[in-house]
Amino acid sequence: MGVLWWFWPTQATVKNAGKPVQTIVAFGDSLTAGYGAGGVQNSYPAVLERLSGKRVVNLGLNGDTADNAPTRLPDVLAENPDMVLIEFGANDRIRGGSVERAAQAVAQMVDEVQAAGAIAVVVDTGGPQMGEYTRLYKKLAKEKQAVFVPGIIRGIFNKRNLKSDMIHPNAAGYQIVAERVYKEIKPYL
(Lines give C-alpha, C1' and ligand atoms only; values in the text may rest on other atoms or scores of the structure.)
Protein backbone atom coordinates (compact mmCIF):
# COMPACT_ATOMS: atom_id res chain seq x y z
CA MET A 1 0.00 0.00 0.00
CA GLY A 2 2.89 2.37 0.70
CA VAL A 3 4.11 2.07 -2.91
CA LEU A 4 0.80 3.16 -4.47
CA TRP A 5 1.71 6.86 -4.38
CA TRP A 6 4.69 6.13 -6.66
CA PHE A 7 2.38 5.24 -9.54
CA TRP A 8 -0.18 7.99 -8.98
CA PRO A 9 -0.20 10.41 -11.95
CA THR A 10 1.14 13.85 -11.21
CA GLN A 11 0.13 17.09 -12.81
CA ALA A 12 2.67 18.40 -15.30
CA THR A 13 4.71 21.39 -14.21
CA VAL A 14 3.36 24.61 -15.71
CA LYS A 15 5.49 27.74 -15.69
CA ASN A 16 4.03 30.60 -13.61
CA ALA A 17 1.31 28.37 -12.11
CA GLY A 18 0.41 28.67 -8.45
CA LYS A 19 -0.61 32.31 -8.22
CA PRO A 20 -4.18 33.62 -8.39
CA VAL A 21 -5.60 34.05 -11.88
CA GLN A 22 -7.85 37.08 -12.25
CA THR A 23 -7.47 38.07 -15.90
CA ILE A 24 -7.34 35.71 -18.86
CA VAL A 25 -6.67 36.95 -22.39
CA ALA A 26 -8.03 34.83 -25.23
CA PHE A 27 -5.67 35.59 -28.11
CA GLY A 28 -6.40 34.08 -31.50
CA ASP A 29 -8.13 34.17 -34.85
CA SER A 30 -11.82 33.98 -35.84
CA LEU A 31 -12.44 30.99 -33.55
CA THR A 32 -11.46 33.18 -30.62
CA ALA A 33 -13.20 36.29 -31.97
CA GLY A 34 -16.42 34.26 -32.15
CA TYR A 35 -17.12 34.46 -35.86
CA GLY A 36 -20.51 32.85 -36.49
CA ALA A 37 -21.50 32.80 -32.82
CA GLY A 38 -24.47 35.11 -33.34
CA GLY A 39 -22.99 37.81 -31.12
CA VAL A 40 -19.88 38.34 -29.02
CA GLN A 41 -21.79 37.11 -25.94
CA ASN A 42 -21.77 33.62 -27.51
CA SER A 43 -18.04 33.55 -28.35
CA TYR A 44 -16.00 30.97 -26.51
CA PRO A 45 -14.18 33.64 -24.43
CA ALA A 46 -17.52 35.06 -23.25
CA VAL A 47 -18.79 31.60 -22.34
CA LEU A 48 -15.45 30.84 -20.66
CA GLU A 49 -15.83 33.98 -18.55
CA ARG A 50 -19.20 32.74 -17.31
CA LEU A 51 -17.86 29.22 -16.65
CA SER A 52 -14.70 30.33 -14.84
CA GLY A 53 -15.90 33.43 -13.01
CA LYS A 54 -12.70 35.15 -14.20
CA ARG A 55 -12.33 38.22 -16.40
CA VAL A 56 -11.71 37.02 -19.96
CA VAL A 57 -10.57 39.57 -22.54
CA ASN A 58 -11.30 38.58 -26.13
CA LEU A 59 -8.45 39.58 -28.44
CA GLY A 60 -9.48 37.36 -31.32
CA LEU A 61 -9.10 38.76 -34.83
CA ASN A 62 -10.82 37.27 -37.87
CA GLY A 63 -8.29 36.03 -40.42
CA ASP A 64 -5.24 36.43 -38.19
CA THR A 65 -2.31 34.03 -38.50
CA ALA A 66 0.31 32.72 -36.12
CA ASP A 67 2.88 34.35 -38.35
CA ASN A 68 1.29 37.80 -37.83
CA ALA A 69 0.18 37.39 -34.20
CA PRO A 70 3.44 38.38 -32.45
CA THR A 71 2.90 41.93 -33.77
CA ARG A 72 -0.29 42.08 -31.64
CA LEU A 73 1.33 40.70 -28.49
CA PRO A 74 1.89 44.16 -26.92
CA ASP A 75 -1.92 44.58 -26.83
CA VAL A 76 -2.20 41.24 -25.04
CA LEU A 77 0.44 42.08 -22.44
CA ALA A 78 -1.08 45.56 -21.89
CA GLU A 79 -4.05 43.75 -20.28
CA ASN A 80 -1.70 42.48 -17.50
CA PRO A 81 -2.97 38.93 -17.93
CA ASP A 82 -2.41 36.09 -15.49
CA MET A 83 -3.11 33.58 -18.27
CA VAL A 84 -3.05 33.84 -22.07
CA LEU A 85 -4.84 31.40 -24.37
CA ILE A 86 -2.94 31.25 -27.68
CA GLU A 87 -5.08 29.88 -30.54
CA PHE A 88 -3.58 30.16 -34.03
CA GLY A 89 -2.73 28.00 -37.01
CA ALA A 90 -5.88 27.34 -39.04
CA ASN A 91 -5.42 30.43 -41.23
CA ASP A 92 -1.73 29.66 -41.66
CA ARG A 93 -2.70 26.24 -42.97
CA ILE A 94 -5.51 27.55 -45.20
CA ARG A 95 -3.12 30.06 -46.76
CA GLY A 96 -0.42 27.44 -47.36
CA GLY A 97 1.92 28.78 -44.69
CA SER A 98 4.66 26.72 -43.13
CA VAL A 99 3.64 24.71 -40.07
CA GLU A 100 7.18 25.11 -38.72
CA ARG A 101 6.95 28.89 -39.06
CA ALA A 102 3.57 28.91 -37.28
CA ALA A 103 5.03 26.79 -34.47
CA GLN A 104 8.00 29.16 -34.16
CA ALA A 105 5.62 32.10 -33.84
CA VAL A 106 3.59 30.30 -31.18
CA ALA A 107 6.82 29.43 -29.34
CA GLN A 108 7.83 33.10 -29.41
CA MET A 109 4.43 34.11 -28.01
CA VAL A 110 4.66 31.48 -25.26
CA ASP A 111 8.13 32.77 -24.29
CA GLU A 112 6.97 36.39 -24.12
CA VAL A 113 3.81 35.55 -22.19
CA GLN A 114 5.79 33.52 -19.67
CA ALA A 115 8.47 36.22 -19.38
CA ALA A 116 5.64 38.63 -18.44
CA GLY A 117 4.73 36.26 -15.58
CA ALA A 118 1.56 34.76 -17.07
CA ILE A 119 0.58 31.16 -17.70
CA ALA A 120 0.75 30.36 -21.42
CA VAL A 121 -1.92 28.05 -22.84
CA VAL A 122 -1.47 26.60 -26.34
CA VAL A 123 -4.92 25.98 -27.83
CA ASP A 124 -5.08 23.45 -30.68
CA THR A 125 -8.00 23.55 -33.11
CA GLY A 126 -7.80 19.88 -34.04
CA GLY A 127 -9.56 20.63 -37.30
CA PRO A 128 -9.25 18.61 -40.51
CA GLN A 129 -5.72 18.38 -41.87
CA MET A 130 -4.30 20.04 -38.74
CA GLY A 131 -2.54 16.95 -37.39
CA GLU A 132 0.97 18.28 -37.93
CA TYR A 133 0.06 21.47 -36.04
CA THR A 134 -1.39 19.39 -33.20
CA ARG A 135 1.80 17.32 -32.89
CA LEU A 136 4.09 20.36 -32.94
CA TYR A 137 1.93 22.40 -30.56
CA LYS A 138 1.64 19.55 -28.06
CA LYS A 139 5.42 19.04 -28.09
CA LEU A 140 6.04 22.79 -27.82
CA ALA A 141 3.68 23.13 -24.84
CA LYS A 142 5.37 20.27 -23.02
CA GLU A 143 8.89 21.60 -23.67
CA LYS A 144 7.98 25.13 -22.59
CA GLN A 145 5.88 24.09 -19.56
CA ALA A 146 2.71 25.58 -21.02
CA VAL A 147 -0.82 24.19 -20.76
CA PHE A 148 -2.02 22.35 -23.87
CA VAL A 149 -5.69 22.31 -24.91
CA PRO A 150 -6.25 19.66 -27.59
CA GLY A 151 -8.74 19.72 -30.45
CA ILE A 152 -11.24 22.44 -29.59
CA ILE A 153 -13.30 21.86 -32.76
CA ARG A 154 -12.83 18.10 -33.02
CA GLY A 155 -16.26 16.54 -33.40
CA ILE A 156 -17.82 19.94 -34.06
CA PHE A 157 -16.37 20.42 -37.52
CA ASN A 158 -18.42 17.58 -39.02
CA LYS A 159 -21.73 18.41 -37.33
CA ARG A 160 -23.86 20.91 -39.21
CA ASN A 161 -26.06 21.56 -36.16
CA LEU A 162 -22.99 22.92 -34.33
CA LYS A 163 -21.72 25.15 -37.15
CA SER A 164 -22.61 28.56 -38.56
CA ASP A 165 -20.86 27.96 -41.89
CA MET A 166 -18.45 25.44 -43.41
CA ILE A 167 -15.71 26.28 -40.89
CA HIS A 168 -16.94 28.13 -37.81
CA PRO A 169 -19.03 26.90 -34.88
CA ASN A 170 -22.38 28.44 -33.98
CA ALA A 171 -23.35 29.40 -30.41
CA ALA A 172 -23.88 25.73 -29.45
CA GLY A 173 -20.52 24.82 -30.94
CA TYR A 174 -18.73 27.63 -29.12
CA GLN A 175 -20.30 26.44 -25.86
CA ILE A 176 -18.54 23.09 -26.40
CA VAL A 177 -15.28 24.86 -27.28
CA ALA A 178 -15.45 26.90 -24.05
CA GLU A 179 -16.15 23.78 -21.99
CA ARG A 180 -13.13 22.04 -23.52
CA VAL A 181 -10.86 24.99 -22.81
CA TYR A 182 -12.22 25.35 -19.27
CA LYS A 183 -11.62 21.68 -18.50
CA GLU A 184 -7.92 22.02 -19.31
CA ILE A 185 -7.26 25.36 -17.60
CA LYS A 186 -9.42 24.83 -14.50
CA PRO A 187 -6.61 23.21 -12.44
CA TYR A 188 -4.53 26.39 -12.86
CA LEU A 189 -7.21 28.97 -12.00
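Structure's up top.
(A) Focus on a nonpolar patch on the surface. Residues Ile94, Met166 and Ile167 make up a contiguous nonpolar surface patch of roughly 330 Å² in combined accessible area. You can see Met166 is positioned in the loop between strand 5 (147-149) and helix 8 (171-185). A residue is classified by how much of its surface remains accessible, and Met166, at 65% relative accessible area, is exposed.

(B) Up close: unusual backbone geometry. Although it is not a glycine, Asn80 sits at a positive phi angle of roughly 50°. Residue placement: Asn80 occurs in the loop between helix 4 (73-77) and strand 3 (83-87). The exposure class assigned to Asn80 is exposed, which follows from its relative accessible area of 60%.

(C) Quick peek at helix 6 (residues 99-115). The terminal C-alpha atoms of helix 6, which comprises 17 residues, lie 24 Å apart, in line with the 24 Å expected from a rise of 1.5 Å per residue. For helix 6, the set of buried residues is Val99, Ala102, Ala103, Ala105, Val106, Ala107, Met109, Val110, Val113 and Gln114. Immediately beyond the C-terminal end of helix 6, within one or two residues, lies Gly117, with a positive phi of roughly 95°.

(D) Main features of the side chain of Thr125. Inspection of the secondary structure assignment puts Thr125 in the loop between strand 4 (119-123) and helix 7 (131-143). Discounting chain neighbours no more than four positions away, the residues touching Thr125 are Leu31, Glu87, Met130, Gly151, Ile152, Ile153 and Arg154.

Definitions and cut-offs
Residues numbered from 1 in each chain as written. Predicted model: local features only at pLDDT ≥ 70, side-chain atom pairs only at ≥ 80, totals over all residues. Heavy atoms only, no water. Patch = residues over 30% accessible without salt bridge, like charges linked within 9 Å, V, L, I, M, F, W, Y side chains within 5 Å. Areas by Shrake-Rupley, 256 points an atom, 1.4 Å probe, with all protein chains shown as cover. Salt bridge = Lys/Arg side-chain N within 4 Å of Asp/Glu carboxyl O. Helix = DSSP H or I, 4+ residues; strand = E, 2+ residues; numbered from the N terminus. Buried < 20%, exposed > 50% of the residue type's maximum accessible area, 1.4 Å probe, protein only. Expected span 1.5 Å × (residues − 1). Contact = heavy atoms within 4.5 Å.

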